[in-house]
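# Commentary on secondary and tertiary structure
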Amino acid sequence: MTKVEQHIIEFAQASPLFTPTDLYNSSKEISRQYMQWSLVQLVSKGTISRVKRGWYKMAEKPLFSYEVKEQTRQLYALLKEAFPYAPFCVYDGECLSPIQHHLSYNALTYVETDKFVSETVFHTLQEKGYKVFYKPGKDELYKYIDISTPAIIVKPMVSDSPLMAIDGVPGPSLEKLLVDIRRDKDFDYLAGEESSRMLENAFHMYTINTTRLLRYAGRRGVRTEIENEINGLNHDK
């Protein structure tokens with residue numbers, strides 16, 4: 001994806017409906033001809049939709065969402081009561097299912113929080129009788145964790161992780177999930193081709209903030225890898 005295409009997508013995300021003139025006026029650094037050519041390319045790829053003559057908008061794809069289970073809601077309430085000032089990201093592994101290629105049922109619940117309190121959160125849940133693992137590595141994942149059996153994984157949260165709240169429970173944005181499945185050892189079962197297919201499925205199914213995705217990917221050291229795959233998806237269209 002070129003910088004001009006990225007600029008157009010960001011402009012379209014902020015403008016429900018726009019004309020080419022609106023777009024041309026959005027940047028004095030990009031030539032009108034190059035802007036027009038890039039707009040045509042995005043329309044041909046299905047990223048931007050032509051509503052009627054002279055009017056455009058972002059292609060309509062749903063935003064990523066998932067159902068928050070009652071037990072997950074209760075778990076978050078317990079954590080916030082015990083650690084009122086700590087940030088949390090709490091979600092169920094089932095939320096990955098819609099974008100998976102080879103479906104593998106994940107019954108785990110993930111709890112991410114500040115690295116300075118994460119180990120204390122782990123011990124607190126352990127003392128309350130939960131089956132819980134702390135920051136499991138690849139070997140521990142395969143030896144001791146059955147992802148089809150309910151359990152909790154606690155791990156430090158990367159700063160500035162892109163989150164979203166569903167029913168008051170903070171969880172991961174799709175952009176965060178697409179990066180984390182490549183970097184977190186407890187997602188090793190999704191490594192390789194599966195993570196690439198999940199990225200492809202996500203782009204086909206949902207609206208994705210590419211800027212947010214690549215920014216977070218940069219923080220986690222996989223920006224170039226993901227950017228190349230996105231460019232490959234655009235080239236195939």
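Our structure's up above, just so we're on the same page.
Residues numbered from 1 in each chain as written. Predicted model: local features only at pLDDT ≥ 70, side-chain atom pairs only at ≥ 80, totals over all residues. Heavy atoms only, no water.

### So, the overall build of the protein chain
A tally of helices and strands in the protein chain yields ten helices and eight strands. Referenced to the eigenvectors of the C-alpha coordinate spread, the extents of the protein chain come out at roughly 65 × 35 × 30 Å. Put simply, the protein chain has 237 residues, and 48% of those count as buried. Sequence-distant contacts, at least 24 apart, represent 65% of the contacts inside the protein chain between residues at least 6 apart. (Helix = DSSP H or I, 4+ residues; strand = E, 2+ residues; numbered from the N terminus. Buried < 20%, exposed > 50% of the residue type's maximum accessible area, 1.4 Å probe, protein only. Contact = heavy atoms within 4.5 Å.)

### Regarding the pattern of salt bridges
All chains considered together, the criterion is met by 15 salt bridges. Residue Arg73 pairs with Glu70 through a salt bridge whose shortest N-O separation is 3.2 Å. Separated by three residues within a single helix, Arg73 and Glu70 lie in helix α4 (residues 70–82), roughly one turn from each other. Given the relative accessible area of 26%, Arg73 is considered partly exposed. The class for Glu70 is partly exposed, based on a relative accessible area of 42%. (Salt bridge = Lys/Arg side-chain N within 4 Å of Asp/Glu carboxyl O.)

### Digging into the sheet that holds strand β5 (residues 132–134)
The strand order across the open sheet formed by four strands is β3-β4-β6-β5, and the pairing between neighbours is mixed. Each end of this open sheet is capped by a strand with a single partner; those strands are β3 (88–92) and β5. Adjacent strand axes in the sheet meet at a mean angle of 20°, parallel and antiparallel pairs treated alike. Strands in contact with α4 are β3, β4 (109–113) and β6 (152–156); relative to β3, the strand with the most contacts, it is inclined by about 160°. (Pairing = 2+ DSSP bridges. Axes fitted to C-alpha atoms, helices over the stretch in contact; angles between N-to-C directions.)

### Side note on the nonpolar core
Among the nonpolar cores identified, the biggest contains 56 residues, and Phe88, Val111, Val121, Leu213 and Ile226 are the most heavily contacted of them. Here the element with the most residues in this core is helix α7 (residues 174–183); it accounts for five residues. Not counting residues up to four positions away in its chain, the partners in contact with Val121 are Leu79, Phe83, Phe88, Val111, Thr113 and Val154. In terms of nonpolar packing, the next biggest core, distinct from the first, is built from 15 residues, Leu23, Met35, Leu42 and Tyr56 among them. (Core = buried A, V, L, I, M, F, W, Y, C linked by side-chain atoms within 4.5 Å.)

### Topic: the layout of surface pockets
Space left empty within the atom packing is revealed by a probe, the size of a water molecule, rolled over the atoms. In this model, the largest pocket occupies a volume close to 240 Å³. Lining the largest pocket are 15 residues, and of these Gln71, Thr109, Pro150, Ala151 and Ile152 sit closest to its centre. Of the residues forming the lining of the largest pocket, the biggest block, four residues, is contributed by α4. (1 Å grid on protein atoms, 1.4 Å probe; cavity = no way out; pocket = protein on both sides within 12 Å on 5 of 7 lines; lining within 4 Å. Points joined across faces, edges and corners; volume = space filled by probe spheres on them.)

### Considering the state of the cysteines
Summed over the entire model, instances satisfying the criterion amount to zero disulfides. The thiol of Cys89 is unpaired, and the distance to the nearest cysteine sulfur, on Cys95, comes to 8.8 Å. Since its relative accessible area comes to 6%, Cys95 is described here as buried. (Disulfide = S-S within 2.5 Å.)

### A few points about the side chain of Ser195
Take Ser195: it is sitting in helix α8 (residues 193–205). In contact with Ser195, other than residues within four places in its own chain, are Ile181, Arg182 and Leu190.

### Looking at helix α9 (residues 210–219)
What α9 keeps buried is the set Thr210, Thr211, Leu213, Leu214, Tyr216 and Ala217. With a side-chain oxygen positioned 3.2 Å from the backbone nitrogen of Thr211, the residue opening α9 is Asn209. Of the residues flanking the end of α9, it is Gly221, one or two places downstream, whose phi is positive at about 80°. (Polar contact = N/O pair within 3.5 Å; in protein donor to acceptor, adjacent residues only side chain to side chain.)

### Digging into the packing of α7 against α8
The interhelical angle for the contact between α7 and α8, taken along N-to-C directions, is 170°, at an axis separation of 10 Å. When the axis of α7 is compared with that of α8, the two are roughly antiparallel. Between α7 and α8, the residues in contact are Leu174, Leu178, Ile181 and Arg182 and Ser195, Ser196, Met198, Leu199 and Ala202, respectively. (Parallel < 35°, antiparallel > 145°, perpendicular 65-115°, else oblique.)

### Digging into the pairing of β6
In terms of burial, β6 is largely enclosed, as four of its five residues are buried. Both β4 and β6 contribute to a ladder of five bridges, which runs parallel. Bridging across to β6, Glu112 finds its partner in Lys155. Pairing analysis gives three bridges linking β5 to β6, with the strands arranged parallel. Residue Val132 lies in a different strand from β6, and its bridge partner there is Ile152. Traced from β5 through helix α6 (residues 138–144) to β6, the parallel crossover comes out right-handed. (Right-handed = clockwise from strand over helix to strand, strands pointing away.)

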